[in-house]
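Fold and geometry: a report
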Amino acid sequence: MTYDTKKRNRNAIRSKKLIVDAYVQLMQVLPREKITVTAIVEAAGLNRSTFYAHFDRVDDVLEFIGNDIMENLDQIVAGLKLANVMKDPNTLVMRVSEFIEERAEFFRKITGSRSSYDLMQKFRDMIVERLIADVETVDKINDRQSLYINIRFAAGGYISLCRDWLEGKIPVRLTEATEVISDMIKCCIPDNK
């Protein structure tokens, strides 16, 4: 890779980050449908052609943000096994909590928006699907219907707690709450082989 290619790649990454940051800032003051390319490029200090070099339309920015977050969260839950979560939910909860804390400012900016809600629900569904997909463990469970309901309840409860923490309703660090959350998950997803 030549110096010019490296420089162009760095500039492209920088421009995309500026566009994303501008979009997130605008989400705080405008409804999503009122955010325009003009508003984004003005907030980012870029021109329209730079925007269109990365995105076709405004909604593509939000899709990019959501996909990036989901890719990161997907890496955290990769290889997730129900048996492991039933024995030690703290490992999973701690990893997700650390991810959210590291990006707290960003998540706080989008909290309360429909996009934030959709993203959290998508993550909850990903966790549920991963756990239910552990056929080896699920097949050993006597009451699968209750298991499924309990997994959805535990994942939804954790996501709701994260949202409350982001809104300042929980007075401790999210990672500090993991022990309590882990105990709740152990109660919700009992090992009833």
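A short tour of the structure in this document, coming up. (Residues numbered from 1 in each chain as written. Predicted model: local features only at pLDDT ≥ 70, side-chain atom pairs only at ≥ 80, totals over all residues. Heavy atoms only, no water.)

1. Description of the environment of Glu-33
Inspection of the secondary structure puts Glu-33 in the loop between helix H1 (3-27) and helix H2 (37-44). By relative accessible area, Glu-33 is classed as exposed at 67%. In this structure, the C-alpha to C-alpha distance between Glu-33 and Val-58, residues 25 residues apart in sequence, is 9.1 Å. (Helix = DSSP H or I, 4+ residues; strand = E, 2+ residues; numbered from the N terminus. Buried < 20%, exposed > 50% of the residue type's maximum accessible area, 1.4 Å probe, protein only.)

2. Notes on the pattern of salt bridges
On inspection of all chains with the given rule, the structure shows 10 salt bridges. In this structure, the salt-bridge partner of Arg-57 is Asp-60, at a minimum N-O distance of 3.3 Å. Through salt bridges with shared partners, one network takes in Arg-57, Asp-59 and Asp-60. (Salt bridge = Lys/Arg side-chain N within 4 Å of Asp/Glu carboxyl O.)

3. A word on the packing of helix H6 (residues 89-102) against helix H10 (residues 144-166)
At a minimum axis separation of 12 Å, H6 and H10 run at an interaxial angle of 30°. It follows that H6 is roughly parallel to H10 by the angle criterion. Our pair here, H6 against H10, has a crossing hand that is right-handed. Residue-level inspection shows Val-93, Val-96, Ser-97, Ile-100 and Glu-101 of H6 in contact with H10, the latter providing Tyr-158, Cys-162, Trp-165 and Leu-166. (Axes fitted to C-alpha atoms, helices over the stretch in contact; angles between N-to-C directions. Parallel < 35°, antiparallel > 145°, perpendicular 65-115°, else oblique. Left-handed = near helix turned anticlockwise from the far one by under 90°. Contact = heavy atoms within 4.5 Å.)

4. Some thoughts on empty space enclosed by the protein
One water molecule sets the probe size; rolling that probe over the atoms shows where empty space is left. Counted under the stated rule, the structure contains two cavities of 30 Å³ or more. Forming the boundary of the largest cavity are Val-85, Leu-92, Val-93, Val-96, Ile-127, Leu-131, Ile-151, Ala-154, Ala-155, Tyr-158, Ile-185 and Ile-189. Elements represented by at least two residues in the lining of the largest cavity include exactly H6, helix H8 (114-132) and H10. Residue composition of the lining of the largest cavity, by class: 12 nonpolar, no polar and no charged. Reported here for the second largest cavity is a volume of approximately 50 Å³. (1 Å grid on protein atoms, 1.4 Å probe; cavity = no way out; pocket = protein on both sides within 12 Å on 5 of 7 lines; lining within 4 Å. Points joined across faces, edges and corners; volume = space filled by probe spheres on them. Nonpolar A, V, L, I, M, F, W, Y, C, P; charged D, E, K, R; others polar.)

5. Quick notes on the layout of surface pockets
Considered as a void within the structure, the largest pocket measures approximately 370 Å³ in volume. As for the largest pocket, its lining consists of 15 residues, and the residues nearest its centre are Lys-17, Val-20, Asp-21, Asp-68 and Phe-106. Per-element accounting of the lining of the largest pocket gives the leading share, six residues, to H1. A breakdown of the residues in the lining of the largest pocket according to their chemical character gives eight nonpolar, one polar and six charged.

6. A closer look at the packing of H10 against helix H11 (residues 178-188)
Where H10 contacts H11, the axes come no closer than 9 Å and their chain directions differ by 165°. Taken as axis vectors, H10 and H11 run roughly antiparallel relative to one another. Considering the relative orientation of H10 and H11, their crossing is right-handed. Here Asn-150, Phe-153, Ala-154, Tyr-158 and Leu-161 of H10 come into contact with H11, specifically with Ile-181, Met-184, Ile-185 and Cys-188.

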